[in-house]
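A look at the structure
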Amino acid sequence: MTYFAGQAGKEDSSVLQAAIGLAEQIRAASDEIETGHRIPQSIAAAMKEAGQEAVARTAMDAHRLLTFEGYSLDLANERLLHEGEVVALTPKAFAVLRRLVEDGGQLVTKKELLRAGWADTHVTDGVLRVSILEIRRTLGDDPAAPRFIETVSRRGYRFIAPRTRSALVVPTAPPRGALVGREHVLAQLEDRLEHARRGERQVVFVSGEAGIGKTSVLEAFLARVAGDPDLSIASGACLEHYGAAEAYFPVLEALGRLVREPAGERVVRLLESHAPTWLVQLPWLEHSGDREAVHHKLLGVTKERMLREMAEALEALTAKTPLVLVLEDLHWSDYSTLDLLGMLARRQEAARLLVVGSYRPTDVIVASHPLRALIQELRVRRQCEDIALQFLSEADVAGYLAQRFGEPAFPPELAAAVHRRTDGNALFMVRLADELVTLGLLVEQQGHWRIAKPLDEIGGALPESLRELIDKQIARLEPAVQRVLEVAGVLGNQFTAGAVAAGLGEDPVAVEERCDSLSRQGQLVVPAALTVLTNGMPVAQYCFTHNLYPQVLSARVPAARRLRLHQRIGNWLEQTYG
Ligand SMILES: Nc1ncnc2c1ncn2[C@@H]1O[C@H](COP(=O)(O)OP(=O)(O)OP(=O)(O)O)[C@@H](O)[C@H]1O
Ligand SMILES: [Mg+2]
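This report concerns the structure included in the present document. (Residues numbered from 1 in each chain as written. Chains lettered and ligands numbered in written order. Predicted model: local features only at pLDDT ≥ 70, side-chain atom pairs only at ≥ 80, totals over all residues.)

1. Some thoughts on the nonpolar core
Grouped together as the largest cluster of nonpolar side chains are 113 residues, with contacts concentrated most on L314, V324, L325, V355, V418, M429 and V500. Here the element with the most residues in this core is helix α8 (residues 249-260); it accounts for seven residues. Not counting chain neighbours up to four residues away, the residues in contact with V418 comprise V397, L401, M429, L432 and A433. Among the nonpolar cores identified, the runner-up in size contains 25 residues, and Y71, A95, L100 and I135 belong to it. (Core = buried A, V, L, I, M, F, W, Y, C linked by C-beta atoms within 7 Å. Buried ≥ 20, exposed ≤ 12 C-beta atoms within 10 Å, placed from the backbone. Helix = DSSP H or I, 4+ residues; strand = E, 2+ residues; numbered from the N terminus. Contact = placed C-beta atoms within 7 Å.)

2. A closer look at the environment of V225
Mapping V225 onto the fold places it in helix α7 (residues 214-225). V225 gets classed as partly exposed once you count the C-beta atoms within 10 Å, which come to 18. The contact partners of V225, leaving out residues within four places of it in the chain, are L193, L231 and V324.

3. Quick look at the packing of helix α17 (residues 412-422) against helix α18 (residues 426-438)
Running from amino to carboxyl end, α17 crosses α18 at an angle of 125°, the nearest separation of the two axes being 9 Å. Taken together, the axes of α17 and α18 are oblique relative to one another. Here the hand of the crossing between α17 and α18 comes out right-handed. Across the interface between the two elements, V418, R421 and T422 from α17 touch F428, M429, L432 and A433 from α18. (Axes fitted to C-alpha atoms, helices over the stretch in contact; angles between N-to-C directions. Parallel < 35°, antiparallel > 145°, perpendicular 65-115°, else oblique. Left-handed = near helix turned anticlockwise from the far one by under 90°.)

4. Some words on the sheet that holds strand β17 (residues 538-544)
Sheet architecture is open: three strands sit in the order β15-β17-β16, paired in antiparallel fashion. Across the chains shown, the open sheet's two edge strands, defined by having one partner strand only, are β15 (494-496) and β16 (525-532). The mean angle between the axes of side-by-side strands here comes to 30°, regardless of whether they run parallel or antiparallel. In terms of strand pairing, β15 meets β17 through three bridges, oriented antiparallel. Within β17, the position partnered with F495 by the bridge is Y542. (Pairing = 2+ DSSP bridges.)

Now the structure itself:
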């Protein structure tokens, strides 16, 4: 897997300036074509911001460490480790340090560092100095005799310690424990990749209901292939959204990640020559120039041109290194992304490209989403493969229990009971196993797990469905925490403490404390990167650890209250971001 230093500093090129307006124009046009209506700008901006943070946890960065002198940057979890222990660092300082380490040995200008940490927010050099101070203090680095970060007078900073670029830690097992029952799917994906390496473009869909294990199998696949230095991986995910989905959202996200990788400079150059309209949409590239003039010049550029540009750019890109492009949760996809998928699948030109998309078939059908028609058409023409994940078998469940509890000698009736209750849905199985422990059905004694109660209690004591499982989990929390979660659930997969507080009419700090305490207990939510309001105020963001949680939670809120919450939070978003 290639490891890259992102060099996004090409913003002065006239090609880019020219393309800025074009990109905006096309994106606006695509939104309108797709929906026929638009949501308020301020809300859209807030949602977009939330969305960009959410995909930061996709499989792309999984298992990568950048290592220097006993320290490692864990890119997937955005944290600094020292000899395996987590060292506290604010998200901004992490972003700055990451950029410096990635560009090790080279001058990184203040402007570039500000872009890495503060994206589009306008801040002064002072905030950068504070972050550098924090990093130096954390690393015990003396600015007068630096081991890590050298100041380059008036211009910026340089990371000077040797790094192990190749030190990608590629675990043999996927992050959340070894998968059961997915060997054949992994083998199918590997086989498709072999075809792609030979220049036969491949489009593969992995489908199945919520919780069946789509993300897990894709993560396991990426973990297997990530050790290959001759392969690039880019991944993005669609988000559940109100109103219009941003055009090309998951693709832009995936490209953004690719550009920030160590060989990102080459990707930028290729986009510049083949797909300038795409390059300017990548969030951290600076938007400058005379937009009006650019708009004028570029009137009449079509969506077709944009699609063709990307198809050609990907062909050029994969001429050197094969690419795996993962697009998750396509049942929420914007329509432009589907157009691109269709074009990528249909083109005859050689490309060492494997596109893997995941989706939930029921959601596609219920929402009459055009993904269904696209897949049907591509299947008829043999331009894609659709791998429908099967429910786990009883033997798989037995394998899972044996592995999770380190207990190969559980009686087969346990797996049979769990399988019966869960239908072999992986998420249900994991949750049910949690519940068995909570209810004292499985207990640990002297390092061994054993069944402590009659097995038929699984039937009596355990809920019928995951909804009930989650409801029970929530009911055990304090009422005030339950209220926070319900409002958060109404907001979707990712939420800010501020928006929840606005919905509840409560103090944002109190909401933040409740969310932090939940995440410390490993319950339902985890922190996402901070977001910064237009007035420079940082706001805590969180996301649910699984997207079934917001579904169950918001269903607990009666419709009339949900409507009132939407109105109240909408007003707050307008005032805060507007
Ligand atoms: N094959 C498996 N073996 C063991 N555990 C699994 C397996 N597949 C999934 N899991 C576990 O089940 C849970 C749900 O899996 P995952 O998130 O991959 O589902 P999904 O299909 O992507 O769901 P969604 O449609 O909501 O995105 C996770 O906790 C995961 O660790
Ligand atoms: Mg998933």
